[in-house]
Amino acid sequence: MTKSKDKKKKNKLFEKEPLDSKANIIKAVVLSIFDENGPTPNIYWPYDLDEQAGLLIAMKTISLLMGDATYQDGIGTEGVNYFGILPFPDLKLNGLTYFFLIPEVKARGKALAATITVLIDEENRVFFYENMKYLRIIIDKAATQIQNNKQHSEREIIMDEIREELFEFANELKDPFSTKRQLKILLTGLDKAGKSSFMYGIRRKYSEIIKSMPTKGVERSEENIFEEQNSTISIWDLGGQKKYRERYLEQSKMYLYNIDLMFFFIDIQDVERIDEALSLFKTILNTIIELDEFPPIVLCLNKFDPDIKGSKEIFKNLERIADVIQENSDKFFIKIFQTSIFDHWSLITAYSFGLSQLSPNRELFRNQLKKFAKKTNSDAILLLNENGIILSNFSKTDISGKVFEVSAPHFQSLYKNFKEFKLLEKDFIVSSGITDRSKKIIFKKITVGKYNLYLLLFLERSFEIGKIEKNLPDFSKNLVDLIHTYI
Ligand SMILES: Nc1nc2c(ncn2[C@@H]2O[C@H](COP(=O)(O)OP(=O)(O)O)[C@@H](O)[C@H]2O)c(=O)[nH]1
Ligand SMILES: [Mg+2]
């Protein structure tokens, strides 16, 4: 669609850039606005963008996010910002979309829904994932300017500028055309902190936990969130014994480079080694700061076994660790979890949170859950994949979230058992007698494209299954797109 038959309408790109320029990776840049005619491509490049293609881009990007409660209730334009990567199979393109609101007194909700979408060939999509951070900054800046400038002509200039900036950015990259996204997850911490057991636990290889020997050197494995995915996720379990630690710190360029996510484990029962563990944590952070690496970090305060939860001493340790961590890590996004192999859900929660950080679509996912919750009167929703990993969750209150923590794993095994023994009449389970009179829990298998996912809903006792079934097709349809580009 960018290769116009009409050569007279030469666009700026080809006047300035040689044809084989890397900037050619960017096929289109579109500002869409939901105006009185519905979702409309308002300003776009190439200037001769096919009309149908433009409409499709506007419709798809804006409609995915319509129905957002914040927007419709007119609460304000601040909280409504989402990035996501969307597939456009008909155009053979992938789009990085930013959804935002333009304040407009006359409009419903006092704002107009708008998106800026950057499009590239679908086989080049890794470009988006690898450069998300910078692309977000460029697009975010343009969106703010669009919000502040009302004139169409001013906005045209802004869109020209963002395009130039994107070209420049693409041109400076060494290799924007790798075909598969390579992700690297590190598991770090002292020896015996429980790193290997954590992964066995996640994978339900319980017998291995008993047999497990100290990890020698580095053990690599792969994670597949979906059977078919466009990225390779490698998990590097870095052996924690002193000799291995020294090696990976010395050869940090090899081990600690290009990290997308890091887990750090501390054995909170081993009081004597807590200082040593914290010191290793600091050393690793300093080393990766030097490498200019700032991955999100999941800190597992591990061996927080169910039977010691009440212990005062453990509680003191936890507080001390949290303080030290806070002091040393203002440059990083760190999320702390209390984990134990005897509490499967604690592992899943920490692990899933980490994985979700790898997906640029996590906000969009959550938004779909939130919409579905509203339509079905659910207090909380959880979406699990076949392996029980949480893809996304939404809950109105803390309490409903907590209910899930306790019940989700049980429901999933119940469901699987019932299914196996063909005891399931319909494709869902409804709780009965577990909750008080006001609430119910539904566990349901849903198909999204070629995947089986599991949906857990926490909702009013007087729920209507019809309402859920009516809204499911739309929900699944939106998720299909997001799953294709989830990771
Ligand atoms: N009590 C308790 N023990 C654990 C937990 N996780 C691991 N362990 C035990 O701690 C020891 C070291 O675990 P391992 O996974 O090999 O640690 P790694 O060296 O960090 O990989 C093993 O004996 C495990 O059985 C946990 O959550 N609670
Ligand atoms: Mg190990």
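Just so it is clear, the structure is predicted and the values come from calculations on it, not from any experiment.

Procedures and definitions
Residues numbered from 1 in each chain as written. Chains lettered and ligands numbered in written order. Predicted model: local features only at pLDDT ≥ 70, side-chain atom pairs only at ≥ 80, totals over all residues. Heavy atoms only, no water. Axes fitted to C-alpha atoms, helices over the stretch in contact; angles between N-to-C directions. Helix = DSSP H or I, 4+ residues; strand = E, 2+ residues; numbered from the N terminus. Parallel < 35°, antiparallel > 145°, perpendicular 65-115°, else oblique. Contact = heavy atoms within 4.5 Å. Near = heavy atom within 4 Å. Polar contact = N/O pair within 3.5 Å; in protein donor to acceptor, adjacent residues only side chain to side chain. Areas by Shrake-Rupley, 256 points an atom, 1.4 Å probe, with all protein chains shown as cover. Nonpolar A, V, L, I, M, F, W, Y, C, P; charged D, E, K, R; others polar. Pairing = 2+ DSSP bridges.

## Quick look at the packing of helix α5 (residues 132-148) against helix α6 (residues 152-172)
Right, so step 1: Where α5 contacts α6, the two axes come as close as 10 Å, and the packing angle between them is 170 degrees. Considering their axes alone, α5 and α6 lie roughly antiparallel with respect to each other. On α6, the residues that touch Y134, L135, I138, I139, K141, A142, Q145 and I146 of α5 are R155, I158, M159, E161, I162, E165, L166 and F169.

## A look at the site of ligand 1
Right, so step 1: Around ligand 1, the surrounding shell holds 16 residues, and the nearest of these are K192, K195, S197, D305 and I341.
Right, so step 2: A193 places a main-chain nitrogen or oxygen 3.2 Å from an oxygen atom of ligand 1.
Right, so step 3: Residue K195 places a side-chain N or O atom 2.8 Å away from an oxygen atom belonging to ligand 1.
Right, so step 4: About the coverage of ligand 1: the protein hides 79% of its 580 Å² of free accessible area.
Right, so step 5: Residue contributions to the shell around ligand 1 peak at three residues, all from helix α7 (residues 195-202).
Right, so step 6: Across the shell around ligand 1, the residue classes break down as four nonpolar, seven polar and five charged.

## Quick look at the sheet that holds strand β11 (residues 334-338)
Right, so step 1: What the six strands build is an open sheet, ordered β7-β8-β6-β9-β10-β11; its pairing is mixed. Two strands close off the open sheet at either side, each with one partner strand: β7 (218-223) and β11. Neighbour-to-neighbour, the strand axes of the sheet open up by a mean angle of 20 degrees, direction not taken into account.
Right, so step 2: Bridge analysis of strand β10 (residues 297-302) against β11 gives five bridges, and the strand direction is parallel. Note on β11: the bridge partner recorded for V298 is K335.
Right, so step 3: Strand contacts of helix α11 (residues 274-290): β6 (181-189), β9 (261-267), β10 and β11, with the helix running at about 165 degrees to β9, the strand carrying the most contacts.

## Brief notes about the sheet that holds strand β5 (residues 111-121)
Right, so step 1: The strand order β2-β1-β5-β4-β3 describes an open sheet built from five strands, whose pairing is antiparallel. What marks the edges here is a single partner per strand, and that holds for β2 (38-45) and β3 (82-88). Here the strands of the sheet are splayed against their neighbours by 25 degrees on average, with no regard to which way each runs.
Right, so step 2: Judged from the seven bridges that link them, strand β1 (residues 26-35) and β2 form a sheet pairing that is antiparallel. Bridge pairing links F34 to P39 in β2.

Read these as layout, nothing more, since geometry by itself doesn't imply function.
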